[in-house]
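Coordinate inspection notes
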Amino acid sequence: MTLQLDLAEILRYMRMGRGTPSTELLARINELLREAPLRPKTAWRREGDRVWMCGTLGTAFDAWHRRVSVLSAADALIAQAIGTDGIEKTMDAIEAEVRPTLAPGERLLMRRSPGYGTIPLELSRDILAKLDATKKLGITLTDSFLLVPSKSVTAFADIERS
């Protein structure tokens with residue numbers, strides 16, 4: 001899977017607002033985009049009217065992020081934003097893969113993840129198990145329910161029938 005990251009989204013994740021980034025900042029973002037090891041891995045499975053999904057940018061991204069973060073706080077911010085856009089695009093790609101498998105009259109609803117709203121963080125454990133994501137994708141869960149590698153997401157989306 002090749003990811004097409006969006007500069008506007010990266011700037012949004014950097015909280016740039018409506019300001020115009022400097023030429024130097026844009027050059028540095030583009031340089032880090034070229035360096036970033038974006039090698040997403042995904043898994044998903046449909047069970048009835050729900051699709052379970054998981055994605056990660058992997059340990060290489062975490063190692064790269066740590067390395068550039070030590071050198072510069074600005075690079076740390078840029079790398080974080082690149083990773084955030086990368087994992088969001090990865091999860092969007094899973095949804096794009098699921099949609100053609102839906103029957104006529106079925107529609108994939110909004111993706112939701114543990115930790116948002118009333119969805120308990122503990123659900124990540126179940127999603128990882130359902131998808132065998134620790135073995136297949138290398139994603140683990142800490143005792144405090146943080147996913148490792150850091151740019152990993154567990155989620156689900158319900159399917160609506162018309």
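Now for a description of the structure that goes with this document.

**Regarding the sheet that holds strand β3 (residues 106–108)**
Spatial strand order, β1-β2-β6-β3: 4 strands in an open sheet with antiparallel pairing. Each having just a single partner strand, β1 (41–47) and β3 make up the two edges of the open sheet. Neighbour to neighbour, the strand axes of the sheet diverge by 20 degrees on average, direction disregarded. Bridge count for β1 against strand β2 (residues 50–56) is 7 bridges, and the pairing is antiparallel. Counterpart to Glu47 in the pairing with β2 is Arg50. Running at roughly 145 degrees to β2, helix α4 (residues 73–98) makes contact with β1, β2, β3 and β6 (152–161) of the sheet. This element, helix α5 (residues 123–131), spans β1, β2 and β6 of the sheet and lies at about 90 degrees to β2.

**Some remarks on the pattern of salt bridges**
Within this structure, the stated rule accounts for 17 salt bridges. Across the pair Arg111 and Asp92 runs a salt bridge whose closest N-O atoms are separated by 3.1 Å. In this pair, Arg111 sits in the loop between β3 and α5 while Asp92 sits in helix α4, placing the two residues 19 residues apart along the sequence.

**Quick word on the layout of surface pockets**
As a volume, the largest pocket reaches approximately 630 Å³. Lining the largest pocket are 23 residues, and of these Ser113, Pro114, Tyr116, Ser152 and Val153 lie nearest its centre. Those elements giving two or more residues to the lining of the largest pocket turn out to be α4 and β6. It is α4 that contributes the most residues to the lining of the largest pocket, 5 residues altogether. By residue class, the composition of the lining of the largest pocket is 11 nonpolar, 8 polar and 4 charged.

Definitions and limits used
Residues numbered from 1 in each chain as written. Predicted model: local features only at pLDDT ≥ 70, side-chain atom pairs only at ≥ 80, totals over all residues. Heavy atoms only, no water. Pairing = 2+ DSSP bridges. Helix = DSSP H or I, 4+ residues; strand = E, 2+ residues; numbered from the N terminus. Axes fitted to C-alpha atoms, helices over the stretch in contact; angles between N-to-C directions. Contact = heavy atoms within 4.5 Å. Salt bridge = Lys/Arg side-chain N within 4 Å of Asp/Glu carboxyl O. 1 Å grid on protein atoms, 1.4 Å probe; cavity = no way out; pocket = protein on both sides within 12 Å on 5 of 7 lines; lining within 4 Å. Points joined across faces, edges and corners; volume = space filled by probe spheres on them. Nonpolar A, V, L, I, M, F, W, Y, C, P; charged D, E, K, R; others polar.

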